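Notes for the structure review
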Amino acid sequence: MSAKNIPIAWIDGVPTVTAQEYAARRAKLFDKLPDNSAVIVVSAAEVLRNGSDNTYTYRQRSDALYLSGFPEANSVIVLTKKGQGKARRQQFTLFVSRQDRASELWHGKRVGIEGARDDFGADRAYSITTLGGNLRKLLATGIEQVFFARGADSKLEARVAVVLKKLGRRELNSNLLDDLRLVKSEAELAIMSRSAQIAAFAHQLAMRSCAPGLAESDLKAEIEYVFTANGNACPSYDTIVAAGVNGLSLHHPAGRTPLADGDLVLIDAGCEVSGYASDITRTFPVNGRFSTAQREIYELVLAGQLAAIDAVKVGASLADLDKACSDVLKQGLKTLGFPLGKTSAKKIALHELFPHGLGHWLGLDVHDVGDAEILVPGMVLTIEPGLYLGKDDERIPKQYRGIAVRIEDDVVVREHGGEILSRDAVKTVAGIEALMAGL
Ligand code: GLY
Ligand code: MN
Ligand code: MN
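What counts and how
Along each chain, residues carry numbers from 1 onward, in the same order as the chain's sequence is written. In the order they appear in the text, chains get letters beginning with A and ligands get numbers beginning with 1. Since the coordinates come from a predicted model, pLDDT governs what is reported: local features require at least 70, and pairs of side-chain atoms require 80 or more to be given and counted, while whole-chain, interface and lining totals use all residues. Processing note: side-chain calculations cover all non-hydrogen atoms of the structure and skip hydrogens and water entirely. Two strands make a pair as long as DSSP finds a minimum of two bridges between them. We count a stretch as a helix when DSSP gives it H or I for four or more residues in a row; a strand needs E for two or more, and each element gets its number in order from the N terminus. Under this scheme, a helix contributes an axis fitted over its contacting stretch, all axes are lines through C-alpha atoms, and angles between N-to-C directions fall in the 0 to 180 degree range. Working rule for contacts: check all heavy atoms of both residues, and any pair within 4.5 Å makes them a contact. By convention here, the domain bounds are inherited from an automatic or database domain assignment. When two parts are brought into contact, each loses some accessible area as probed by a 1.4 Å sphere; the total of that loss over both is the buried area. Within this document, salt bridges are pairs made up of a side-chain nitrogen of Lys or Arg and a carboxyl oxygen of Asp or Glu, the two lying within 4 Å of each other. By the criterion applied in these results, polar contacts are pairs of N or O atoms within 3.5 Å in which, for protein atoms, one can donate a hydrogen and the other can accept it, and in which residues neighboring in sequence qualify only through two side-chain atoms. The buried label applies to any residue whose accessible area, calculated with a 1.4 Å probe on protein chains only, is under 20% of its type's maximum; exposed applies above 50%, and partly exposed to all values in between. Here a donor is any nitrogen, oxygen or sulfur atom (N, O, S) within 2.8 Å of the metal, with 3.2 Å used for Na, K and Ca; water is not among the atoms considered, so some sites may look incomplete. In this scheme the shape depends on donor count and angles: four donors with every angle between 85 and 135 degrees give tetrahedral, four or six donors with opposite pairs above 155 degrees and others between 65 and 115 give square planar or octahedral in turn, and any other case is irregular. Any angle between 65 and 115 degrees counts as roughly perpendicular, while under 35 counts as roughly parallel, over 145 as roughly antiparallel, and the rest as oblique. Two helices that cross are described as forming a left-handed crossing if the nearer one is turned anticlockwise from the farther one by less than a right angle, and a right-handed crossing if clockwise. Polar here means any residue outside two lists: the nonpolar Ala, Val, Leu, Ile, Met, Phe, Trp, Tyr, Cys and Pro, and the charged Asp, Glu, Lys and Arg; Gly therefore counts as polar.

As a further point, take the sheet that holds strand β13 (residues 264–269). Two orientations exist for strands paired in a sheet by backbone hydrogen bonds: parallel and antiparallel. On the basis of which strands lie adjacent, the open sheet formed by three strands has the order β12-β13-β16 and antiparallel pairing. Each edge of the open sheet carries a strand with a single partner, namely β12 (240–243) and β16 (280–285). Within this sheet the neighbouring strands show an average axis-to-axis angle of 10°, counted without direction. Summarising the sheet, β13 and β16 pair through six bridges and their orientation is antiparallel. By the bridge assignment, Ala 269 is partnered in β16 with Ile 280. Of the strands in this sheet, β13 and β16 are in contact with helix α8 (residues 186–209), which crosses β16 at around 15°.

Parsing the protein chain into structural domains produces domain 1 (33–180) and domain 2 (183–436). Facing the seven residues of domain 1 at the interface are nine residues of domain 2. Together domain 1 and domain 2 conceal approximately 630 Å² of surface at their shared face, both sides included; 44% is due to carbon and sulfur atoms. Area buried by domain 1 at its contact with domain 2 is led by Arg 59, Ser 62 and Asp 178, which between them contribute 56% of it. For the pair domain 1 and domain 2, the number of links is one salt bridge. Counting the contacts that link domain 1 with domain 2 gives four residue pairs in polar contact (both at pLDDT 80 or more).

In total, this model carries 23 salt bridges according to the counting rule given. The shortest N-O distance in the salt bridge between Glu 171 and Arg 150 comes to 2.8 Å. Of this pair, Glu 171 sits in strand β10 (residues 171–172) while Arg 150 sits in the loop between β9 (145–148) and α6 (154–167), and the two are 21 residues apart along the sequence. A relative accessible area of 30% means that Glu 171 is categorised as partly exposed. When the shortest N-O distance is used, the salt bridge between Asp 409 and Arg 282 registers 2.8 Å. Of this pair, Asp 409 sits in strand β20 (residues 409–414) while Arg 282 sits in strand β16, and the two are 127 residues apart along the sequence. One exposure class covers both Asp 409 and Arg 282, and it is buried.

Protein coordination at the manganese ion (ligand 3): the donors are Asp 268 (OD), Asp 268 (OD), Asp 279 (OD) and Glu 408 (OE), at 2.0 to 2.4 Å from the metal. One can describe the site at the manganese ion (ligand 3) as irregular: its six donor atoms subtend angles covering 56 to 171° at the metal. Every donor residue of the manganese ion (ligand 3) comes from the same chain, spaced as D-x10-D-x128-E. A separation of 3.3 Å is found between the manganese ion (ligand 3) and the manganese ion (ligand 2), both of which receive a donor from Asp 279. Pair noted here: Asp 279 is in the loop between β15 (276–277) and β16 and Glu 408 is in the loop between β19 (404–406) and β20, with a separation of 129 residues, a long-range link.

With that settled, the discussion passes to the packing of helix α10 (residues 292–310) against helix α11 (residues 318–335). Following both chains from N to C, one finds α10 and α11 inclined at 155°, their axes separated by 7 Å at the closest point. By the angle between their directions, the pair α10 and α11 is classed as roughly antiparallel. The crossing of α10 and α11 is right-handed. Contacts between α10 and α11 pair Leu 300, Val 301, Ala 303, Gly 304, Gln 305, Ala 307 and Ala 308 from the former with Leu 321, Ala 324, Cys 325, Val 328, Leu 329, Gly 332 and Leu 333 from the latter. For the contact of α10 with α11, a count of residues per class yields eleven nonpolar, three polar and no charged.

Although it is not a glycine, Asp 12 sits at a positive phi angle of roughly 50°. Looking at where Asp 12 falls in the secondary structure, it is placed in the loop between β1 (8–11) and β2 (14–17). By relative accessible area, Asp 12 is classed as exposed at 77%. Phi angles above zero are rare outside glycine, and Asn 232 is one such case at about 60°. Note on placement: Asn 232 falls in the loop between α9 (216–229) and β11 (234–235).

Set out below in structure tokens:
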């Protein structure tokens, strides 16, 4: 990464976004903003888990991370663009919690008002307790439109809404950040590459450790050990480990189900590095050897996935990728004796066997924002076909019933085609069997 001179800040061995890049992102947003307007981004809420003071692990709202990296709850970002031409003034204001010894005794150091300016590049910073008065002053003159997408801390949002109402400003809900977040910078791609590398390594370790008699949760422990041991990366979603028919539920959380000799196990697990997600699925035989029926279904899903990855090209559409994959799946299922057709007592439609989309955008959110159909360089998407063959469905040839296979990779759209960030996680039948045999 550093050899390519990608501007990443390494903090405690973890690649992260530089202050310059945050400033460049805000500059891009300012460019998109109409004259005399403001953007308000409220932090994610801290949510009680139980009792009165135990909260869920805090995760900042992705829009706030994108614009500033500011990690704390009870904060509000305000970007104001006032005046025109030479008199234009663009300012980044942060409302944050003051440093406070009593609270810091329990919850650790806060960034504070000085830190918001010095370390997070705010032009001005105020205590969150002054939000009402200072936001009102900021917006009272020179602001005609306010972009304010809700969906975070509803208590703070209500305080913002009171100010807007008093000033007679309408809330414009349009999310201006989505288009910026959809196309990643080289620094973002380098961080996502690290996230995918760690997750791929975790999948490989789970494959190597797998043995009949272990439980789903044992493989989850291997996976999450690797995340934590690599710069304290956390899961980017609840780790899915599904033994045998549990894989027929798409998001089966790892539980205590034993891994049975002769079954497949499906692991869908990714981590988050500096806020950026990876999202990888691998399916493999618990005993290290695919049965004939398992291998036939697995190789078909893999062929569909490779066809879709092959179709990743600048200018291609998501529909092109879907078609490339579903053509392969339909042809292969017919060859294996599935009675494909319009759903009936005798016929089965592809969407019954493959009931989810081919993939989704990936970035700060595992299902990332963005509304686009045509691929451009810098987009990142998952490609994750699956086949889920009901165990009691008599339309399905008997030997395949109860098999669930999904294969998921993280792919960057490059000028020359797709670059697979998660390529280190083995996925050929021969590769998986060799790894599991310790070769
Ligand atoms: N891990 C969730 C998904 O693949 O969409
Ligand atoms: Mn996914
Ligand atoms: Mn996934």
